[in-house]
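# Observations on the model geometry
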Amino acid sequence: MIRPAAAGMAWAIAGVMLVAQDPQAPLFRGGTNIVRVDATVVDRNGNPVSSLTADDFEIREDGVPQTISPFKFRRTPRLRVESGSGAT
């Protein structure tokens with residue numbers, strides 16, 4: 001038979017151990033969607049326009065302007081622009 005004092009001591013130790021446990025760290029869920037958008041900008045002669053910056057473009061999602069980051073210029077093979085193609 002377990003003595004009442006020993007049983008009480010066991011319950012007291014168990015209670016202290018439960019209180020001493022670290023609570024779980026709060027869970028943070030986050031996310032981001034990255035959408036790659038390539039744009040080719042050429043002048044009337046078909047030469048790439050390399051002086052453009054992110055400020056020269058606007059991307060919107062559901063009518064809300066989005067941050068453009070990162071932005072970089074990439075040199076690609078020269079494209080041939082034909083007159084009457086609808087390019088302006």
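These figures come from a predicted structure and were not determined experimentally.

### Considerations on the confidence of the model for the protein
In this model, the protein carries a mean pLDDT of 76, and residues with pLDDT of at least 70 account for 61%. Taken element by element, the protein is modelled with least confidence in helix α1 (residues 4-20), mean pLDDT 62, and with most confidence in strand β2 (residues 64-66), mean pLDDT 93.

### Focus on the layout of surface pockets
To find leftover empty space, one rolls a probe the size of a water molecule over the atoms. The computed volume of the largest pocket comes to approximately 1200 Å³. In terms of lining, the largest pocket is formed by 32 residues, of which the most central are Arg-36, Val-37, Asp-38, Pro-70 and Phe-71. Sort the elements by how many residues they give to the lining of the largest pocket and strand β1 (residues 59-61) lands first, with 3 residues. Grouping the constituent residues of the lining of the largest pocket by class yields 17 nonpolar, 7 polar and 8 charged.

### Observations regarding a nonpolar patch on the surface
A contiguous nonpolar patch, built from Val-35, Val-37 and Ile-59 and spanning about 270 Å² of accessible area, is present on the exposed surface. Considering the arrangement of structural elements, one finds Ile-59 in strand β1.

### Focus on the environment of Phe-73
Structurally, Phe-73 can be placed in the segment after β2. Its relative accessible area of 39% is what places Phe-73 among the partly exposed residues. On a C-alpha basis, the gap between Phe-73 and Leu-52 in space is 8.2 Å, while along the polypeptide they are 21 residues apart. Not counting residues within four places of it along the chain, the set of residues in contact with Phe-73 comprises Val-49 and Ser-50.

About the criteria used
Residues numbered from 1 in each chain as written. Predicted model: local features only at pLDDT ≥ 70, side-chain atom pairs only at ≥ 80, totals over all residues. Heavy atoms only, no water. pLDDT = per-residue confidence, 0-100. Helix = DSSP H or I, 4+ residues; strand = E, 2+ residues; numbered from the N terminus. 1 Å grid on protein atoms, 1.4 Å probe; cavity = no way out; pocket = protein on both sides within 12 Å on 5 of 7 lines; lining within 4 Å. Points joined across faces, edges and corners; volume = space filled by probe spheres on them. Nonpolar A, V, L, I, M, F, W, Y, C, P; charged D, E, K, R; others polar. Patch = residues over 30% accessible without salt bridge, like charges linked within 9 Å, V, L, I, M, F, W, Y side chains within 5 Å. Areas by Shrake-Rupley, 256 points an atom, 1.4 Å probe, with all protein chains shown as cover. Salt bridge = Lys/Arg side-chain N within 4 Å of Asp/Glu carboxyl O. Buried < 20%, exposed > 50% of the residue type's maximum accessible area, 1.4 Å probe, protein only. Contact = heavy atoms within 4.5 Å.

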